[in-house]
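Observations on the model geometry
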Amino acid sequence: QLTMSLNPSALLNEENTQGPKRNTECLRSLELQTPSSFQDNPLQQLQLASQEVLEKAKKSGRSKCPQCSSSRMFYCYTCFVPVETVPTKEIPTVKLPLKIDIIKHPNETDGKSTAVHAKLLAPDDVTIYKYPCIPEYEENRHEIALIFPGPDSVSVKDIPFHLQKYTKKGICGNDDDCSREPFLKKAKIEPKEKETNLNECISSNSSEGAGLKKIIFIDSTWNQTNKIITDERLQGLLQIELKTRKTCFWRHQKGKPDTYLSTIEAIYYFLVDYHQEVLKENYKGQYDNLLFFFSFMYTLIKNAKCCARKE
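The rules behind these values
- Residues numbered from 1 in each chain as written.
- Predicted model: local features only at pLDDT ≥ 70, side-chain atom pairs only at ≥ 80, totals over all residues.
- Heavy atoms only, no water.
- UniProt positions renumbered as here; feature names shortened; annotations may be inferred.
- Pairing = 2+ DSSP bridges.
- Helix = DSSP H or I, 4+ residues; strand = E, 2+ residues; numbered from the N terminus.
- Axes fitted to C-alpha atoms, helices over the stretch in contact; angles between N-to-C directions.
- Buried < 20%, exposed > 50% of the residue type's maximum accessible area, 1.4 Å probe, protein only.
- Arc of directions from axis to C-beta.

An unreviewed UniProt entry annotates the protein as tRNA-uridine aminocarboxypropyltransferase 1 originating from Geococcyx californianus. The heading Subcellular location (unreviewed entry) in the UniProt record of the protein holds the text "Nucleus".

Here you go:
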């Protein structure tokens, strides 16, 4: 579950290698189709805001970024704002339960990254950094987790248990268990009382998501991740792996399993799992709009490919 990418400004061009005539015919055909035309669309059950604004923008073509004046489709991937034909008030805003840092590889093409979707749709909770310019996480590592597969990675549902161990280390001031004698003397409690208090502490941490406040995602191709994941500033963080989700991304990396997600997919699926497994709340589509742009482009490209096969 890492990042693959998406270039909205080149979205239509990607399917237009056969010439303008075919492109025009395909787009006319697409006007008659809707996402519900495809029964195998895994995104069709999402509770999304109206995408009419994107339909209109698609018809009018590329537009200027209000900040840098670059010509873009839908949004500017360098300024993180919608283009002039996509009014900000018509773009949904998603409130997240955690802050999100996205670390982008310097060689990752801006226009192909889905990370910008998160910044556009949850601007108050998402920050994008371009490696090697990233924060120091050491002091707050007991409330931060990194989404990345590895031998020591854990599942979302196990976050409270594993992150709680970081908290215990912080209380003790070392890597030993808090049940050592110096701890008992300082607390002035008997072993049975200590055990009860510790269990209450663990229960409290679990109910509050174990104090988790920030999640880190890496935005790059899988072949580029090693330089970032081995950075000393990311060492010692709790690592989480999303093992049960399958990607819908159209730029699937050759030789990689379908559980390797695009950045925006990884963010979305993590939050859904976190909401259910850690916060223990029913999920009612609160984060579905994170896939507002992704689902629209998925359908657009799927329709274009279907049109090409028919021809």
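Let us keep going from here.
Bringing the sheet that holds strand β9 (residues 238–240) into the picture now. Sheet strands line up and pair through hydrogen bonds in the backbone, either parallel or antiparallel. Read from one edge to the other, the open sheet built from five strands follows the order β6-β5-β8-β7-β9, with strand pairing classed as parallel. The strands lining the two open edges of the sheet, one partner per strand, are β6 (126–130) and β9. Within the sheet, the average angular offset between the axes of one strand and its neighbour, ignoring direction, is 25°. As paired elements, strand β5 (residues 99–104) and strand β8 (residues 214–219) share six bridges and run parallel to each other. For Lys 99, the partnering residue across the bridge sits in β8 and is Lys 214.

Let us look at the pairing of β6. As judged from the five bridges shared by β5 and β6, these two strands associate in the parallel manner. If you follow Ile 100 over to β6, its bridge partner there is Val 126.

Glancing now at helix α3 (residues 52–60). Since the α-helix advances by 3.6 residues per turn, residues separated by three or four positions end up pointing in the same direction. Of all the positions in α3, only Val 53, Leu 54, Ala 57 and Lys 58 are classed as buried. When α3 is viewed along its axis, its buried side chains cluster within an angular range of 140° and face the same direction. Along α3, exposed side chains directed more than 90 degrees from the buried face belong to Lys 56 and Lys 59. Within two residues after α3, Gly 61 carries a phi angle of roughly 85°, on the positive side.

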